[in-house]
Amino acid sequence: MTEIATGALPGLTWTDHSGVLVVTMDRPPANALNHSLVASLRTLFTELAAQAVPAPVVLTGAGTRFFTAGGDIKELEGTGPAEIEGRMRNFHGVLVALDRFPRPLIAAINGHCVGGGMELALFADTVLATPNARFGFPEINHGLLPADKGIQRAERLIGARAVRSMVLSGDLFSAEEAVRIGLVDRLEEPDTLLTSAITVARAAGAKAPVLYSALKRSVNDPDDARDERSLADTIAAAKNYFEDPVAAGLRTGWNRDKVSSSRQSTDR
């Protein structure tokens, strides 16, 4: 391990657990993926991958309710197309970094894992989740779209029919359903989730790194040209939906409902 073993970036912390790096998204109350947290994820995984032999990683969320609620819609208020493009480029960059990360990457899903959170989980080698976790791509109901690279990854892993239903309905589904369709490898109780994820990461990390990396690359099949097309498609779609009045209305309504819900919860 190097000096990167323990530290923090905006919205993100990491700690060395005897050779396994536990990376925690920590943005109360829902670990939403704002610009800073996305940039932190991209920076960390890029720097880790540059090491000679990176540590195995467990990616999780702080708290007991959210792995991450996905993109921070409130952050979009008052922004323009240029900011949206930068945001899309940065998140695409995170997915590329995860896709090419040469060492074990275990997702410990401790709660809701939706939108961008689903996309992060799709690039993990193994996914463990608590029974209370919920999954889905709700973007169509909130005036947004997932990244094209994330959708393509989902289609490859769990099939076009299942993904079509997810993205076109925006419905969330249970952890049990996530296991059934192959998104989650197994369920763990909250008090054993992190320990089990570390154990899985340590066992995978004990494999010969050069062999693990080569096999992972063959399975993931990263492709620069394909990634460029996905990025171009994501940016083009973002420019269209960002200025569309119907999509904008969905985003505004979603933000208003969240504020109202938060106030009612505080009043109680």
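If you look the protein chain up in an unreviewed UniProt entry, it shows as Enoyl-CoA hydratase from Mycolicibacterium cosmeticum.

K.L.:
Just checking my understanding: could you explain the pairing of strand β3 (residues 20-25) for this structure?
P.N.:
Most of β3 sits inside the fold, with 6 of its 6 residues counted as buried. Bridge analysis of strand β2 (residues 12-17) against β3 gives 6 bridges, and the strand direction is antiparallel. Opposite T13, over in β3, you have T24 as the bridge partner. Bridging between β3 and strand β4 (residues 57-61) involves 5 bridges; their strand directions are parallel. When the bridges of β4 are listed, T24 appears paired with T60. Note that the unit made of β3, helix α1 (residues 35-49) and β4 has a crossover that is right-handed.

K.L.:
Would you take a moment to explain the packing of helix α2 (residues 81-100) against helix α5 (residues 148-158) for this structure?
P.N.:
A packed helix pair is summarised by two numbers, namely the angle formed by the two axes and the spacing between the axes. Taken N-terminus to C-terminus, the directions of α2 and α5 make an angle of 40°; their axes are 9 Å apart at the nearest point. By the angle between their axes, α2 is oblique relative to α5. Residue-level contacts link H92, L95, V96 and D99 of α2 to K149, G150 and R153 of α5. Residues belonging to the contact of α2 with α5 are distributed by class as follows: 2 nonpolar, 2 polar and 3 charged.

Cut-offs used in this document
- Residues numbered from 1 in each chain as written.
- Predicted model: local features only at pLDDT ≥ 70, side-chain atom pairs only at ≥ 80, totals over all residues.
- Heavy atoms only, no water.
- Buried < 20%, exposed > 50% of the residue type's maximum accessible area, 1.4 Å probe, protein only.
- Helix = DSSP H or I, 4+ residues; strand = E, 2+ residues; numbered from the N terminus.
- Pairing = 2+ DSSP bridges.
- Right-handed = clockwise from strand over helix to strand, strands pointing away.
- Axes fitted to C-alpha atoms, helices over the stretch in contact; angles between N-to-C directions.
- Parallel < 35°, antiparallel > 145°, perpendicular 65-115°, else oblique.
- Contact = heavy atoms within 4.5 Å.
- Nonpolar A, V, L, I, M, F, W, Y, C, P; charged D, E, K, R; others polar.

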